[in-house]
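# Working through the structure, step by step
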Amino acid sequence: ALGGAQPHDRIAFLYSIGSEGPFTIPTGPCAGTVVDLGGNAALGIVDQAGQYGNANLLPFHVPASVCGQLRFQALDLTTCEISNVVLVR
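Definitions and limits used
The residue numbering used here restarts from 1 in each chain and proceeds along that chain's sequence as written. Side-chain atom pairs in this predicted model are given and counted only at pLDDT of 80 or more, local residue features only at pLDDT of at least 70, and totals for whole chains, interfaces and linings cover all residues. Just so you know, side-chain values use all the structure's heavy atoms and leave hydrogens and water out. Two rings from Phe, Tyr or Trp (for Trp, the six-membered ring) form a pair when their centres are within 6.5 Å of each other. A pair whose planes differ by under 30 degrees is stacked, one over 60 is edge-to-face, and the rest are tilted. Labels follow the DSSP assignment, with helices taken as runs of H or I lasting at least four residues and strands as runs of E lasting at least two, numbered in each case from the N terminus. What we call a nonpolar core is a set of buried Ala, Val, Leu, Ile, Met, Phe, Trp, Tyr and Cys residues that are connected through their side-chain atoms within 4.5 Å. Between buried and exposed lies partly exposed: a residue is buried under 20% and exposed over 50% of the maximum accessible area for its type, with that area taken using a 1.4 Å probe on protein chains only. Here a residue-residue contact requires only that any non-hydrogen atoms of the pair lie within 4.5 Å.

Enumeration according to the criterion identifies one aromatic pair in this entry. Taking the centre distance of 6.3 Å and the plane angle of 50° together, the rings of Y15 and F72 count as tilted. Here the residue Y15 occupies a position in strand β1 (residues 10-17), and F72 occupies one in strand β5 (residues 70-76), the gap between them amounting to 57 residues.

Structure, rendered in C-alpha coordinates:
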(Lines give C-alpha, C1' and ligand atoms only; values in the text may rest on other atoms or scores of the structure.)
Protein backbone atom coordinates (compact mmCIF):
# COMPACT_ATOMS: atom_id res chain seq x y z
CA ALA A 1 0.00 0.00 0.00
CA LEU A 2 1.05 3.59 -0.58
CA GLY A 3 0.11 6.65 1.42
CA GLY A 4 0.66 10.35 0.88
CA ALA A 5 -0.73 10.79 -2.63
CA GLN A 6 -3.35 13.38 -3.41
CA PRO A 7 -6.90 12.02 -3.23
CA HIS A 8 -8.02 10.42 -6.50
CA ASP A 9 -4.62 10.63 -8.26
CA ARG A 10 -3.79 7.62 -10.45
CA ILE A 11 -0.81 5.68 -9.14
CA ALA A 12 1.22 3.32 -11.33
CA PHE A 13 3.12 0.60 -9.49
CA LEU A 14 6.18 -0.28 -11.55
CA TYR A 15 8.43 -3.24 -10.88
CA SER A 16 11.57 -5.03 -12.02
CA ILE A 17 13.06 -8.43 -11.30
CA GLY A 18 16.81 -8.62 -10.95
CA SER A 19 17.67 -5.18 -12.28
CA GLU A 20 18.22 -1.76 -10.78
CA GLY A 21 19.52 1.62 -11.86
CA PRO A 22 18.09 4.51 -13.84
CA PHE A 23 15.33 3.91 -16.38
CA THR A 24 13.53 6.72 -18.22
CA ILE A 25 9.78 6.33 -18.76
CA PRO A 26 9.50 6.50 -22.58
CA THR A 27 5.83 7.42 -23.12
CA GLY A 28 2.66 8.48 -21.35
CA PRO A 29 1.79 11.31 -19.01
CA CYS A 30 5.13 11.04 -17.17
CA ALA A 31 7.43 10.50 -20.17
CA GLY A 32 10.96 11.49 -19.24
CA THR A 33 10.60 10.62 -15.55
CA VAL A 34 13.53 8.54 -14.31
CA VAL A 35 12.84 5.60 -12.01
CA ASP A 36 15.43 3.34 -10.35
CA LEU A 37 14.30 -0.05 -11.62
CA GLY A 38 16.76 -0.74 -14.41
CA GLY A 39 16.19 -1.72 -18.01
CA ASN A 40 13.54 -4.36 -17.44
CA ALA A 41 11.13 -2.06 -15.57
CA ALA A 42 7.50 -2.98 -16.22
CA LEU A 43 4.03 -1.79 -15.26
CA GLY A 44 2.40 -3.88 -12.55
CA ILE A 45 -0.89 -2.24 -11.59
CA VAL A 46 -2.52 1.20 -11.82
CA ASP A 47 -4.73 2.18 -8.88
CA GLN A 48 -6.62 5.32 -8.00
CA ALA A 49 -5.74 6.87 -4.65
CA GLY A 50 -8.68 7.00 -2.27
CA GLN A 51 -10.07 10.01 -0.43
CA TYR A 52 -7.13 9.90 2.03
CA GLY A 53 -4.41 9.56 -0.62
CA ASN A 54 -3.86 5.82 -0.22
CA ALA A 55 -3.36 3.43 -3.14
CA ASN A 56 -2.98 -0.34 -3.13
CA LEU A 57 -0.73 -2.68 -5.08
CA LEU A 58 -3.04 -5.66 -4.58
CA PRO A 59 -3.86 -7.94 -6.32
CA PHE A 60 -0.25 -8.36 -7.54
CA HIS A 61 0.95 -11.92 -7.00
CA VAL A 62 4.63 -12.46 -6.26
CA PRO A 63 6.18 -15.90 -6.59
CA ALA A 64 8.53 -16.81 -3.73
CA SER A 65 11.33 -17.44 -6.21
CA VAL A 66 11.76 -13.69 -6.91
CA CYS A 67 12.12 -12.59 -3.29
CA GLY A 68 15.30 -10.57 -2.92
CA GLN A 69 15.20 -9.68 -6.63
CA LEU A 70 11.84 -7.92 -6.98
CA ARG A 71 11.76 -4.12 -6.74
CA PHE A 72 8.72 -1.84 -6.77
CA GLN A 73 8.41 1.89 -7.24
CA ALA A 74 5.21 3.96 -7.33
CA LEU A 75 4.68 6.73 -9.88
CA ASP A 76 1.91 9.31 -9.42
CA LEU A 77 0.54 9.77 -12.94
CA THR A 78 -0.94 13.17 -12.03
CA THR A 79 2.16 14.82 -10.56
CA CYS A 80 4.86 12.46 -11.91
CA GLU A 81 6.34 12.15 -8.40
CA ILE A 82 8.01 8.83 -7.62
CA SER A 83 8.37 6.88 -4.41
CA ASN A 84 11.49 5.24 -3.03
CA VAL A 85 12.31 1.81 -4.36
CA VAL A 86 11.05 -1.10 -2.26
CA LEU A 87 12.93 -4.40 -2.39
CA VAL A 88 10.73 -7.40 -1.60
CA ARG A 89 12.67 -9.81 0.61
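By size, the foremost hydrophobic cluster in this structure holds eleven residues: L2, A5, I11, F13, A49, A55, L57, V66, L70, F72 and A74. Among the secondary structure elements, those contributing two or more residues to this core are β1 and β5. Discounting residues that sit within four places of it in the chain, L70 has contacts with Y15, S16, I17, V62, V86, L87 and V88. Listed in part, the seven residues of the second largest apolar core include A12, L14, I25 and C30.

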